[in-house]
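So you can see what is in the structure, the chains are spelled out below.
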Amino acid sequence: MEALILSLAVAAVVGAFALPKWRLQRALAQAMPQHHLDILNANIPVYRRMDAGLQQQLHKLVKQFLYQKKFIGCAGQHIDDEVRVTIAAQACMLLLNRPSRVYAGLDTVLVYPSAFMAPRKHVDEAGVVTEARQDLLGESWGDGRVVLAWDHVLDGTRNWSEGHNVVLHEFAHQLDSESGSNNGAPWLGDRASYQRWSEVLSRDFANLQVDAMCRQQSVLDHYGASSPAEFFAVATEAFFARPHEMASHHKQLFGEFLRYYRVDPRAWLAAPVAAAPPAFYGQPAYGQWQ
Ligand SMILES: [Zn+2]
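Residues numbered from 1 in each chain as written. Predicted model: local features only at pLDDT ≥ 70, side-chain atom pairs only at ≥ 80, totals over all residues. Heavy atoms only, no water.

The name an unreviewed UniProt entry assigns to the chain is Zinc-dependent peptidase, from the organism Massilia polaris.

Digging into the overall build of the chain
The helix and strand inventory of the chain stands at ten helices and six strands. Buried positions account for 47% of the 290 residues belonging to the chain. For the chain, contacts bridging at least 24 residues in sequence account for 68% of all contacts bridging at least 6. When the accessible area of the chain is evaluated, it comes to approximately 14500 Å², of which 54% is carbon and sulfur surface. (Helix = DSSP H or I, 4+ residues; strand = E, 2+ residues; numbered from the N terminus. Buried < 20%, exposed > 50% of the residue type's maximum accessible area, 1.4 Å probe, protein only. Contact = heavy atoms within 4.5 Å. Areas by Shrake-Rupley, 256 points an atom, 1.4 Å probe, with all protein chains shown as cover.)

A look at the layout of surface pockets
Of the pockets and cavities examined, the largest pocket occupies roughly 590 Å³. Lining the largest pocket are 28 residues, and of these Arg98, Pro99, Glu178, Trp187 and Tyr260 lie nearest its centre. Counting only elements with at least two residues in the lining of the largest pocket, the list comes to helix H6 (166-177), helix H7 (191-214) and helix H10 (251-261). Here the residues of the lining of the largest pocket are counted per class, giving 13 nonpolar, eight polar and seven charged. (1 Å grid on protein atoms, 1.4 Å probe; cavity = no way out; pocket = protein on both sides within 12 Å on 5 of 7 lines; lining within 4 Å. Points joined across faces, edges and corners; volume = space filled by probe spheres on them. Nonpolar A, V, L, I, M, F, W, Y, C, P; charged D, E, K, R; others polar.)

As for the pairing of strand E2 (residues 108-112)
Burial analysis of E2 places four of its five residues in the buried class, which makes it a mostly covered element. When strand E1 (residues 70-73) meets E2, the two strands line up parallel, connected through four bridges. By the bridge assignment for E2, Ile72 is matched with Leu110. For the crossover from E1 across helix H4 (residues 81-93) to E2, the handedness is left-handed. For E2 and strand E6 (residues 145-149), the ladder comprises five bridges, and the chain directions are parallel. The residue of E6 that forms the bridge with Leu110 is Val147. (Pairing = 2+ DSSP bridges. Right-handed = clockwise from strand over helix to strand, strands pointing away.)

A closer look at unusual backbone geometry
Backbone geometry at Ala75 places phi at a positive 55 degrees, although glycine is not the residue there. Since its relative accessible area comes to 64%, Ala75 is described here as exposed. In this model, Asn97 sits at a positive phi of 65 degrees, which is unusual for a non-glycine residue. Mapped onto the secondary structure, Asn97 falls in the loop between H4 and E2. By relative accessible area, which is 34% here, Asn97 ends up partly exposed.

Things to note about the environment of Phe231
As for its position among the elements, Phe231 is in helix H8 (residues 228-241). When its relative accessible area of 2% is taken as the criterion, Phe231 is described as buried. As for Phe231 and His169, which are separated by 62 residues in sequence, their C-alpha atoms are 9.9 Å apart. If sequence neighbours within four positions are ignored, Phe231 has contacts with Leu201, Asp204, Phe205, Leu208, Leu220, Gly224 and Leu253.

Side note on the sheet that holds strand E5 (residues 138-140)
On the basis of which strands lie adjacent, the open sheet formed by four strands has the order E1-E2-E6-E5 and mixed pairing. Each having just a single partner strand, E1 and E5 make up the two edges of the open sheet. In this sheet, adjacent strand axes meet at a mean angle of 15 degrees when their direction is disregarded. In this structure, E5 lies alongside E6, joined through three bridges in antiparallel fashion. Bridge pairing in E6 places Glu139 opposite Val147. (Axes fitted to C-alpha atoms, helices over the stretch in contact; angles between N-to-C directions.)

Some points on helix H3 (residues 52-68)
Its 17 residues place the ends of H3 25 Å apart at the C-alpha level, agreeing with the 24 Å of an ideal helix rising 1.5 Å per residue. Of the positions making up H3, those classed as buried are Leu54, Gln55, Leu58, His59, Leu61, Val62, Lys63, Gln64, Phe65 and Leu66. Among the residues of H3, the N-terminal cap falls to Asp51, whose side-chain oxygen and the backbone nitrogen of Gly53 are separated by 3.1 Å. (Expected span 1.5 Å × (residues − 1). Polar contact = N/O pair within 3.5 Å; in protein donor to acceptor, adjacent residues only side chain to side chain.)

Digging into the nonpolar core
Formed by 74 residues in total, the largest nonpolar core has its most connected members in Phe65, Ile87, Phe171 and Tyr261. Per element, the largest residue contribution to this core is nine residues, and it comes from H8. Beyond its immediate stretch of four places on either side in the chain, Phe171 contacts Phe65, Ile87, Ala91, Leu94, Tyr103, Leu106, Val109 and Val146. Cys74, Ala118, Val147 and Ala149 belong to the second largest nonpolar core, which has seven residues in total. (Core = buried A, V, L, I, M, F, W, Y, C linked by side-chain atoms within 4.5 Å.)

Re the packing of aromatic side chains
Any aromatic ring pair is given by two values, namely how distant the centres are and how the planes are angled relative to each other. All told, the structure shown has 18 aromatic pairs when counted by the stated rule. Consider the rings of Phe232 and Phe257, whose centres lie 5.8 Å apart with planes at 40 degrees: the pair is tilted. Of this pair, Phe232 sits in helix H8 while Phe257 is found in helix H10, placing the two residues 25 residues apart along the sequence. Members of the aromatic cluster, connected to one another through ring pairs, are Trp197, Phe232, Phe239, Phe240, Phe254, Phe257, Tyr260, Tyr261 and Trp268. Between the NZ or CZ atom of Arg98 and the centre of the ring of Tyr260, over which it lies, the distance is 4.4 Å. (Phe/Tyr/Trp six-rings, centres within 6.5 Å; stacked < 30°, edge-to-face > 60°. Lys NZ or Arg CZ within 6 Å of the ring centre and 35° of its normal.)

This is the structure we're talking about:
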């Protein structure tokens, strides 16, 4: 009897741990469906310029993302494969060429048709609480949720080189949170890397704050001047969407992001003819950390 109970207990433990892994491996072993490849080709302009090795990596990451994450449509948003693959591909672009658990802390992607209203509470120094509702394009939460406005997801990918990409932005926040705090420093490994990261990003963050105050043009969206966490998210957008301009105007910052992201998006995008960056002020706010 005891032997039977022991075998049942062992079987339960093996089932609990081995079965999900086996199911995931089975899902990853299947080829990406042709209509998913068609969506990548149609909606992700940089995908077409990646070499075959990176494309294969992206396929595997996207399959894992789609297998593990739940998508929920809000306010009437329909969730179809175009929504799922377009979001997953951009999120997984941040994970290429490095070991990753594919946003292990993320459970759910909530998608609205367009900018959504979110309640906000502000307490000032005198203790006065102000409640407000803010129009948002995206939000990244530490409890396993990312929220996105689908029309802005499409706008960001179809106008890639304009540098506003709400998916890259919110998933950069997710990477930031994996280090244990949302402070603009994702997991970097060794002490020397953190020191170099801190020096370079602190300097460029301070410069962006001055640019924002003086309404000076910048490759980086002035929204990045609001906090180190937003700076990392905004610089991630620029790294993947406007890499030539970022490399030329923020050489050391670009070098840090090359080391961290382990891809060079300059290979996927033609250098712009005009070198002057557009002005970034008065842009709508992306999601804030809660
Ligand atoms: Zn943000």
